[in-house]
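As a plain string of letters, each chain reads:
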Amino acid sequence: MKNDITVYLFQTVSHSPKEVSQAAYCFVRQHIAEVTGSDPERLVFGRTGQGKPYIEKEGICFNLSHSGNTVAIAFSECEIGVDIEEVRPANLRIAERYFAESDRRYLALAADEQDKLNRFFALWTAKEAYLKRYGAGLSGGLDFSVADENGLLTRVASERFPPAGIFYRCLCGEDFGLHAPFHTASGSVRYILSVCADRTENVFLNMII
Ligand SMILES: CC(C)(COP(=O)(O)OP(=O)(O)OC[C@H]1O[C@@H](n2cnc3c(N)ncnc32)[C@H](O)[C@@H]1OP(=O)(O)O)[C@@H](O)C(=O)NCCC(=O)NCCS
């Protein structure tokens, strides 16, 4: 269906950013060729002025994100943005300085340090996915709300861009069948993924392990 979103997640053997990016584009090319019945070699990639990649003429949108050697690629017939982050120690002063007050309140309600990091990366990935949906970079500003004291918002809007839906997913070792690199001893959240599109009710996640 037109608004369905399919997300593929996988890890590359190489950790080199260049090779991770190449593997992602190779996947995009193969997938779109398969779905549209086109010759993969004839697909042409373009980039907007702000760097958002797209594929010409095929009527399929994609967006991708990498965190280390982990790749998330979202496909849909409508414009989308995706961001994946490994939950890791982070400087939370970024939130105090740049996030909206309601996001900071959501962060302040964290039960412990681990919960705070999970919340921070949920906020972060939601902001990135939203900005990437509209093809914006940092200039899009971060001070729009993606949460309030009741939790993460599933529909967000900024002063610059129209409202759009956000889908969140926390990933841990079990999501990847305990594939070694994803496994954490505590079984805690290891990655947070956010996807943004005008409507996000049908999101299909595919882990390639
Ligand atoms: C360019 C930018 C989108 C990259 O984000 P990142 O978290 O460093 O990296 P990600 O792995 O998530 O995304 C990188 C991919 O996004 C895509 N991308 C690049 N520019 C984009 C844009 N303007 N819009 C949408 N997607 C874009 C590319 O496919 C890129 O991969 P590639 O370099 O292999 O082609 C980022 O630097 C940026 O400006 N983000 C805007 C959102 C923002 O301000 N985030 C901070 C939130 S706290």
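Residues numbered from 1 in each chain as written. Predicted model: local features only at pLDDT ≥ 70, side-chain atom pairs only at ≥ 80, totals over all residues. Heavy atoms only, no water.

Colleague: Please set out helix H1 (residues 17–36) residue by residue, giving values where relevant.
Modeller: The end-to-end C-alpha separation of H1 is 28 Å, in line with the 28 Å expected for 20 residues at 1.5 Å each. Looking at H1, one finds that the buried residues are Val20, Ser21, Ala24, Tyr25, Val28, His31, Ile32 and Ala33. Elements in contact with the buried residues of H1: strand E1 (5–11), strand E2 (45–47), strand E3 (53–55), strand E4 (61–67) and strand E5 (70–76). Just downstream of H1, Gly37 is the residue with a positive phi angle, here 70 degrees. (Helix = DSSP H or I, 4+ residues; strand = E, 2+ residues; numbered from the N terminus. Expected span 1.5 Å × (residues − 1). Buried < 20%, exposed > 50% of the residue type's maximum accessible area, 1.4 Å probe, protein only. Contact = heavy atoms within 4.5 Å.)

Colleague: Explain the sheet that holds strand E10 (residues 164–171) residue by residue, including any values.
Modeller: Spatial strand order, E6-E11-E10-E9: four strands in an open sheet with antiparallel pairing. Among the strands making up the open sheet, the edge pair consists of strand E6 (80–86) and strand E9 (155–156). Here E10 runs beside strand E11 (residues 191–197); their pairing, made up of seven bridges, is antiparallel. Each residue of the ladder has a partner; that of Tyr168, found in E11, is Ser194. (Pairing = 2+ DSSP bridges.)

Colleague: Quick one: what's the story with the packing of helix H3 (residues 101–108) against helix H4 (residues 113–133), residue by residue and with numbers?
Modeller: Think of two packed helices as two axes; the pair is described by the angle between the axes and how far apart they sit. Orientation of H3 relative to H4, taken along the N-to-C sense of each, is 155 degrees, at an axis distance of 9 Å. When the interaxial angle is binned, H3 and H4 end up roughly antiparallel. In this structure, H3 meets H4 at a crossing whose hand is right-handed. Note on element contacts: H4 touches H3 through Lys116, Arg119, Phe120, Leu123 and Lys127, opposite Asp103, Tyr106 and Leu107. Counted by class, the contact of H3 with H4 contains four nonpolar, no polar and four charged residues. (Axes fitted to C-alpha atoms, helices over the stretch in contact; angles between N-to-C directions. Parallel < 35°, antiparallel > 145°, perpendicular 65-115°, else oblique. Left-handed = near helix turned anticlockwise from the far one by under 90°. Nonpolar A, V, L, I, M, F, W, Y, C, P; charged D, E, K, R; others polar.)

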